[in-house]
Each structure stands twice: as structure tokens, then as C-alpha cells.
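# Report on the structure
The lines below spell out each chain.
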Amino acid sequence: MTRTVFLGALTVAGLAAGTGAAGTLDDVKARGTLNCGVTTPLVGFAAPDGNDEWHGFDVAICRAVAAAIIGDPKAVEFVSTSGKTRFTALASGEVDLLARNTSWTFSRDVDLKFTFVGINYYDGQGFMVPKALGVSSAKELDGATVCIQTGTTTELNLADFFRKNNISYEPVPVESNADGQKRYLAGECDTYTTDISGLAATRATFENPGDHVILPEIVSKEPLGPLVRHGDEEWSDVVRWTLNALISAEELGITSANVSEMASAPGNNPEINRLLGTEGNLGEMLGLSADWAVNAISAGGNYGEIFARNIGEDTPIGLSRGLNAQWTDGGLLYSPPFR
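Rules used in this analysis
Residues numbered from 1 in each chain as written. Predicted model: local features only at pLDDT ≥ 70, side-chain atom pairs only at ≥ 80, totals over all residues. Heavy atoms only, no water. Helix = DSSP H or I, 4+ residues; strand = E, 2+ residues; numbered from the N terminus. Rg over C-alpha atoms; globule rule 2.2 N^0.38 Å. Buried < 20%, exposed > 50% of the residue type's maximum accessible area, 1.4 Å probe, protein only. Lys, Arg positive; Asp, Glu negative; His and termini not counted. Charge placed at Lys NZ, Arg CZ, Asp CG, Glu CD. pLDDT = per-residue confidence, 0-100. Contact = heavy atoms within 4.5 Å. Disulfide = S-S within 2.5 Å. Pairing = 2+ DSSP bridges. Axes fitted to C-alpha atoms, helices over the stretch in contact; angles between N-to-C directions.

## So, the overall build of the protein chain
In terms of helices and strands, the protein chain carries 14 helices and 14 strands. Compactness check: the protein chain gives a C-alpha radius of gyration of 20 Å against a globular reference of 20 Å for 339 residues, within 12% of the reference. For the C-alpha atoms alone, the extent of the protein chain along its principal axes is close to 60 × 45 × 40 Å. Counting the 339 residues in the protein chain, one finds 53% classified as buried. Mean positive and mean negative side-chain charge positions of the protein chain (24 and 42 charges, respectively) differ by 4 Å.

This is how it looks when you write it as C-alpha cells:
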């Protein structure tokens, strides 16, 4: 289903202006499914299993949104998108929501006419090299061949880093993470560069992950998050507050295991009651049922559960929470209040 034609910024912006009219929420309700754009398979974030069932950190966001709207986390049509096709898929209306490793930038927000509804992963660009190369710092990569995905922020970040450090490189353009992995393992490039999370996910699929090292330098800020088209505030509100519900649920101690019980037996915490729909009318404000957040949290758990299950330290990906810890634990994760 993924389109392969790449449109320039002006064309994408024009498509967004033409298809971003209000009504996405009504369209999803009428269709009975959410069309969600995800990455080309990236283990831990978005990848189908042997039964063509999608799993991953970003997939969980899609399922939570579908559950909030339709009441069914499986009511999702996943559309695999590359760095080149993702924006065309969203702007043209092929997908209702893009939930993949996409960085929030000025030009994507303003020029391409997209609305980032929040940040679900604070990341940064890095470099992976074979341990046998004997390199311990990205500053030692002078003259290196670098596998890099086209149509991504990593291209500019790469050029900036090498220029600032007065070293040279030879780019090896790749179309997708799978292509980059293949070329890197074949020795067609000395190093592969992308977001640290993507490098960790890629390395986890190698036959011998320990033979590859992620270098210590983080050369950019990459705030990753779901995005929708400009011009449909009702829809952006639904996606934004579904993400916030997952973040707040972790902070408030609401899990997939206890959410039903907490909703059926309200306690004395007003914010929990408002979030779970037993007090106030937040669901009505969104055009959803009162139990929208209960459904979203039940779909795959709160943010912490989703992180731990898909990419956490006990998974092959092995990512620590770091900046993605709750603000109460020294991280940057923070939701506006539900009131």
C-alpha cells in the first residue's frame, strides 16, 4: 500500500492543504478502522510477525488511538512507509496518522503543514561501526563511507557534524533501514548512522550483536512523535490526548491490569477520575465515549508498559528510559493535566 513516488516540499504542502479539512475523526468512525502509517519494519518499533500481525512501540500508539475512538485496538490498517514516502502518504490522506520514527522540526511543522501532537520518544542521531574497525569515537571517522537513509533529517545532521569537526565522508544512500542494514553488514559502508533507538533496534537483529558498537557521540536532537495534517484540530486533539493519556496513566499508577477496576470503583483522586471518565465530561469534549482513555490504556498499557515490552532494557533492543523517563524520575516525559 505504500506509495513510492516522492514529492517535494511544496507539493506535499499542497496536498496537505487540500486533504487536511476537518472530518478525519468522522471518517475513521464511519470506516471502522484507523489507517496508520508506520515505518518499514524496524524491530521493537513497528514490524509484522509471521502471521502479519504488527507489533512495536509505535504500533502501540496506533492501537491506543483506534481503541479510544472505535473501542477496538485491532481496528487498524497499518501502512508501511519509508523516509521518502511517509509525508506523501499522510498529506494525500492515504493514512490518518503517521506514528513512526519521525523528528519534529520547524520545516515539517510549518512548511509541510503537519501537526506534531507530542513527543513519544526523545532521541538523538548516532553512529554504529563494526567493533573490528577499532574506532571509539565518531571524530575518528575521517574519510569513512557512511550508510544513510535518504529523505531524513540525518542527512543534514551528518553533513553538519563532519563539517564542524573538519573531517570528510562519503555518503552511501539507502532507501530504508532494511537496505541500510543489508549494505552495512555487507561491508559497503564503514558506519551506519540514524537515531540511536534505530541503531539499537537494528543491531538487535544481527546474528552477532556484540560485534558492533554504537559510538558515544549524539550529534543531534531528534524529538520523535506522531503527526497529523494541519487543519483538523478535532482530530489532532484526539491523537494528542490519547498519547497524553498513556503518559499520565503511568504517572498516576494506572496500568492495563488495574484500569478496569479503577474505572468501575472510582477513588478520591480527581485527575484519575476525570481521565477514566467517571467524573466530568472529557470524552464528550473530544467527541468520544466517556471510557475512551480506559480503552486506550487497556489496549497495550500505559507508556511505561509499552516502552518496557517493546524496547526496554529486558528486550533485545535494550534501551534504558533515560530522557524518556517520567519527569518525576528525572526524565522529560510530561503530560499537561487532565482538567
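Right, picking up where we left off after that structure.
## Comments concerning the confidence of the model for the protein chain
Of the residues in the protein chain, 94% reach a pLDDT of 70 or more, and the chain-wide mean stands at 92. When the criterion is pLDDT under 50, residues 1–14 qualifies, and its contacts beyond four places in sequence or with other chains add up to 28 contacts. Note that residues 16–21 has pLDDT below 50 and, in this model, 14 contacts with residues that lie over four places away or in other chains.

## Things to note about the state of the cysteines
Per the counting criterion, the structure on display carries 2 disulfides. One disulfide in the model links Cys36 with Cys62; its S-S distance is 2.1 Å. Across the S-S bond linking Cys36 and Cys62, the dihedral sits near -65°, which makes this disulfide left-handed. Taken together, the positions of Cys36 in strand 1 (residues 34–39) and Cys62 in helix 3 (residues 57–70) put the pair 26 residues apart, joining distant regions of the chain. Across this residue pair, the class does not change: Cys36 and Cys62 are buried. Two residues share a disulfide in this structure: Cys147 and Cys189, whose sulfurs sit 2.1 Å from each other. Note on the Cys147 and Cys189 pair: the S-S dihedral is about -100°, so by sign convention the disulfide is left-handed. Remark: Cys189 occurs in the loop between helix 7 (177–185) and strand 11 (191–195) and Cys147 occurs in strand 9 (residues 144–149); sequence separation between them is 42 residues.

## With respect to the sheet that holds strand 9
The strands that make up a sheet are held in pairs by hydrogen bonds between backbone atoms, and each pair lies either parallel or antiparallel. Strand order in the open sheet formed by 5 strands is 10-9-11-8-12, with mixed pairing between adjacent strands. The open sheet has two edge strands with one neighbour each: strand 10 (169–174) and strand 12 (212–214). Across the sheet, the mean angle from the axis of one strand to that of its neighbour is 30°, orientation sign disregarded. Note: strand 9 against strand 10, 6 bridges, orientation parallel. Along strand 10, the bridge assignment pairs Ile148 with Pro173. Strands strand 8 (125–130), strand 11 and strand 12 of the sheet are contacted by helix 8 (residues 196–204), whose axis makes an angle of about 125° with strand 11.

## Quick notes on the pairing of strand 11
Taking burial as the measure, the 5 residues of strand 11 include 5 buried ones, the bulk of the element. Judged from the 2 bridges that link them, strand 9 and strand 11 form a sheet pairing that is parallel. Residue pairing in the sheet places Val146 in a bridge with Thr191 of strand 11.

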